[in-house]
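Topology and contacts: notes
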Amino acid sequence: MPRIWILRIGHRPERDKRVTTHVALSSRALGASGIFVDTEDRALEESVRDVVGRFGGDYSIETGVQWKRVLKGFEGEVVHLTMYGQRLDEAIPKIPQDRDLLVVVGAEKVPPEVYREADHNVSVGNQPHSEIAALAIFLDRLTGGRNLYSDRDGLMTVIPNERGKTVVEKRT
Ligand code: SAM
């Protein structure tokens, strides 16, 4: 089964902790296998690993990576999400579903090299918005939402409930 990885470029620990945490958690919820973040941020690693520890799955986080090395060494297809890219609905059919995928999202201005290296520069609409929203919509369209309710075998499992909260906690 091909896997999906995220590369987050331009992370500033003092400003972006919450947004990058949400990039990681949203991608995890939608079925990605892990995230690479260009700036070292131990607090970010801990908060993502804390969620994975409680809610399960094998989502990984690595911070302080050299983004050029990750981008160039990736064995699979590279998608860069940018408001300047081609239309989402036209791009999705061109992305092979039988290869691992690296999805690149920025924080501030993304270096031109990323646009050149990516196999696909894809927009989620041509208006500026958010890396969290862009990534969530892209992954949902790509996977048809199939991972949203997949079992992660966590210490805590939430059971869908029309009202109230139902949580099953595993005894350790
Ligand atoms: N001004 C920055 C630029 O020119 O690259 C964009 C910064 S935006 C807050 C952060 C990230 O959100 C972008 O690097 C891109 O990955 C994502 N993003 C924002 N709007 C998008 C859109 N309409 N389509 C796809 N990705 C988008």
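For the structure itself, look to the data block above.
A brief report on the enclosed structure follows. Predicted model, so just to flag it, every value in this text is computed and none were measured.

Each value, and the rule that gives it
- Residues numbered from 1 in each chain as written.
- Predicted model: local features only at pLDDT ≥ 70, side-chain atom pairs only at ≥ 80, totals over all residues.
- Heavy atoms only, no water.
- Near = heavy atom within 4 Å.
- Polar contact = N/O pair within 3.5 Å; in protein donor to acceptor, adjacent residues only side chain to side chain.
- Areas by Shrake-Rupley, 256 points an atom, 1.4 Å probe, with all protein chains shown as cover.
- Helix = DSSP H or I, 4+ residues; strand = E, 2+ residues; numbered from the N terminus.
- Phe/Tyr/Trp six-rings, centres within 6.5 Å; stacked < 30°, edge-to-face > 60°.
- Buried < 20%, exposed > 50% of the residue type's maximum accessible area, 1.4 Å probe, protein only.
- Expected span 1.5 Å × (residues − 1).
- Arc of directions from axis to C-beta.
- Salt bridge = Lys/Arg side-chain N within 4 Å of Asp/Glu carboxyl O.

**Points about the site of the ligand**
- The local shell around the ligand holds 19 residues, among which Leu81, Gly106, Val124, Gly125 and Gln127 are the closest.
- Measuring from an oxygen atom of the ligand, one finds a backbone N or O atom of Gly106 at 3.1 Å.
- At a separation of 3.3 Å, an oxygen atom of the ligand approaches a polar backbone atom of Glu131.
- Summarising the interface, the protein chains cover 81% of the accessible area of the ligand, which totals 580 Å² for the free molecule.
- Going through the elements one at a time, β4 (77-87), β6 (120-123) and α6 (131-143) are the ones with two or more residues in the shell around the ligand.
- Here the element with the most residues in the shell around the ligand is β4; it accounts for four residues.

**Digging into the packing of aromatic side chains**
- Under the counting rule described, the total for this entry stands at one aromatic pair.
- Taking 6.0 Å as the distance between ring centres and 35 degrees as the angle between the ring planes, the aromatic pair formed by Trp5 and Phe36 counts as tilted. Within this pair, whereas Trp5 is found in strand β1 (residues 4-8), its partner Phe36 is found in strand β2 (residues 34-37), the two being separated by 31 residues in sequence. For the pair Trp5 and Phe36, one class covers both residues: buried.

**What to know about α6**
- Its 13 residues place the ends of α6 18 Å apart at the C-alpha level, agreeing with the 18 Å of an ideal helix rising 1.5 Å per residue.
- Among all positions in α6, only Glu131, Ala134, Leu135, Phe138, Leu139, Leu142 and Thr143 are buried. All buried residues of α6 project into a common sector of 130 degrees when viewed along the axis, lining one side.
- In this structure Ser130 caps α6, since a side-chain oxygen of it lies 3.0 Å from the backbone nitrogen of Ile132.
- With its phi angle positive at about 60 degrees, Gly144 sits one or two positions after the end of α6.

**Considerations on the pattern of salt bridges**
- Summed over all chains, the structure comprises 13 salt bridges.
- Between Arg42 and Glu40 there is a salt bridge whose closest N-O contact spans 3.5 Å.
- With a closest N to O distance of 2.7 Å, Lys170 and Asp153 form a salt bridge. Remark: Asp153 occurs in the loop between α6 and β7 (156-159) and Lys170 occurs in the segment after β8 (166-169); sequence separation between them is 17 residues.
- Note on Lys170: relative accessible area 41%, which makes it partly exposed.
- Judged by its relative accessible area of 53%, Asp153 is exposed.
- Through salt bridges with shared partners, a single network forms among Glu40, Arg42, Glu45 and Arg49.

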